[in-house]
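If you want the building blocks of each chain, they are given just below.
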Amino acid sequence: QAVVIATPPEFHYEYAVKGLALKAHVLVEKPVRPIIALGGWKVLEAQAAGVQVSVWAAMNMRFHPGPEWLKRGWQAHQESSGVHDFEGTLVARVWYSYKGGHRPGSPDAALGPILSSIHDLDALLWAMGGHRLYSTLQSSTARIGEKVLPRLAGCFGDVLVVLDADWTAHTRSRGVRLSADDWELRWEATGAGTEQIVFSDANGPKSMLTHPINDMYVRMMAEFFALCRDPGMESRLPKPSEVQDLAERMGVIR
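A quick note: this is a predicted structure, and the numbers were derived from the prediction, not measured.

### Notes on the overall build of the chain
Phase 1: Per the secondary structure count, the chain includes 6 helices and 11 strands.
Phase 2: Considering only contacts in the chain between residues 6 or more positions apart, those separated by 24 or more positions represent 65%.
Phase 3: Surface exposure of the chain reaches about 12000 Å², of which carbon and sulfur atoms provide 53%.

Structure below.
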């Protein structure tokens with residue numbers, strides 16, 4: 001009834017096709033490798049519709065308390081201010097750092113932390129209303145030995161997004177700061193195993209949460225299995241083609 005694909009990326013498409021042949025719902029981990037020559041994710045999604053099952057991308061940061069809080073705060077700001085068309089200058093800074101350098105044997109090693117950072121950028125766009133914010137993302141990469149420190153800046157709609165990723169940092173940290181004029185929302189999570197998450201606005205820190213880091217995976221899987229029972233339900237899981245689209249804009253896919 002359900003297939004979860006968490007293999008190295010080069011096998012994602014092949015195994016997703018096999019899953020659909022079983023008429024099973026499919027959840028695919030971070031599909032950021034080009035597969036257009038094999039038929040493409042849009043074709044895969046059409047195949048899923050043909051056998052009346054669903055295929056989703058496993059973007060777990062959409063289930064993290066930080067982006068969830070940001071989404072609620074952004075919606076509240078829109079309602080209270082009446083700003084729905086990004087009037088003025090809206091800047092989002094997204095950062096991700098991983099302690100200890102490249103994970104041995106990981107497909108991340110070829111691309112550095114940018115591959116992991118796609119989760120954080122995807123979660124920001126989800127929190128602010130989805131992929132309608134897509135525009136052009138320019139990237140530049142500085143290399144220090146074998147370590148890659150990409151810094152990307154681009155415009156998604158009328159939102160300037162700056163993405164910082166660093167695997168040379170001594171601590172594990174990720175977060176988002178969203179600001180416009182005298183308004184600001186910020187969250188930052190630090191630690192491994194158990195995260196300490198601090199939420200702040202323009203007036204300073206508001207609250208802190210201790211969060212089991214694997215909880216977002218558990219919540220994501222629970223939603224996937226709920227979708228298996230009711231594929232028509234509203235879900236925060238994206239289609240794989242949306243994630244590939246974002247990866248192309250990040251410069252991950254050439």
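### So, the pairing of strand β3 (residues 55-58)
Phase 1: Here β3 shows no split at all, with V55 and A57 on one side and W56 and A58 on the other all buried.
Phase 2: When strand β2 (residues 25-29) meets β3, the two strands line up parallel, connected through 4 bridges. Directly across from E29, in β3, lies its bridge partner A58.

### Notes on the environment of R62
Phase 1: Among the secondary structure elements, R62 is positioned in the loop between β3 and α3 (65-81).
Phase 2: Its relative accessible area of 5% is what places R62 among the buried residues.
Phase 3: Taking the C-alpha atoms as reference points, R62 and D122, separated by 60 residues in sequence, lie 7.8 Å from one another.

### What about the packing of aromatic side chains?
Phase 1: As enumerated under the stated definition, the model contains 5 aromatic pairs in all.
Phase 2: Ring geometry for Y13 against W41: centres 6.1 Å apart, planes inclined by 75 degrees, an arrangement best described as edge-to-face. Residue Y13 is found in helix α1 (residues 12-21), and its partner W41 is found in helix α2 (residues 40-50); the two are separated by 28 residues along the sequence. The burial state of Y13 is the same as that of W41; both residues are buried.
Phase 3: Their ring planes at 55 degrees and their centres at 5.8 Å tell us that W74 and W183 sit as a pair that is tilted. Linking W74 in helix α3 with W183 in strand β9 (residues 183-190), this pair joins segments that are 109 residues apart in sequence. The pair formed by W74 and W183 is uniform in burial state, with each residue classed as buried.
Phase 4: Above the face of the W126 ring, K71 is positioned so that its terminal group lies 4.6 Å from the ring centre.
Phase 5: The ring centre of W56 lies 4.1 Å from the NZ or CZ of K239, which sits over that ring.

### Regarding α1
Phase 1: Residues H12, Y13, A16, G19 and L20 constitute the buried set of α1. Buried residues along α1 cover an arc of 120 degrees about the axis, so they all sit on one side.
Phase 2: In the core, the buried residues of α1 are packed alongside β1 (2-5), β2 and α2.

Calculation criteria
Residues numbered from 1 in each chain as written. Predicted model: local features only at pLDDT ≥ 70, side-chain atom pairs only at ≥ 80, totals over all residues. Heavy atoms only, no water. Helix = DSSP H or I, 4+ residues; strand = E, 2+ residues; numbered from the N terminus. Contact = heavy atoms within 4.5 Å. Areas by Shrake-Rupley, 256 points an atom, 1.4 Å probe, with all protein chains shown as cover. Buried < 20%, exposed > 50% of the residue type's maximum accessible area, 1.4 Å probe, protein only. Pairing = 2+ DSSP bridges. Phe/Tyr/Trp six-rings, centres within 6.5 Å; stacked < 30°, edge-to-face > 60°. Lys NZ or Arg CZ within 6 Å of the ring centre and 35° of its normal. Arc of directions from axis to C-beta.

The analysis is restricted to geometry; functional conclusions fall outside its scope.
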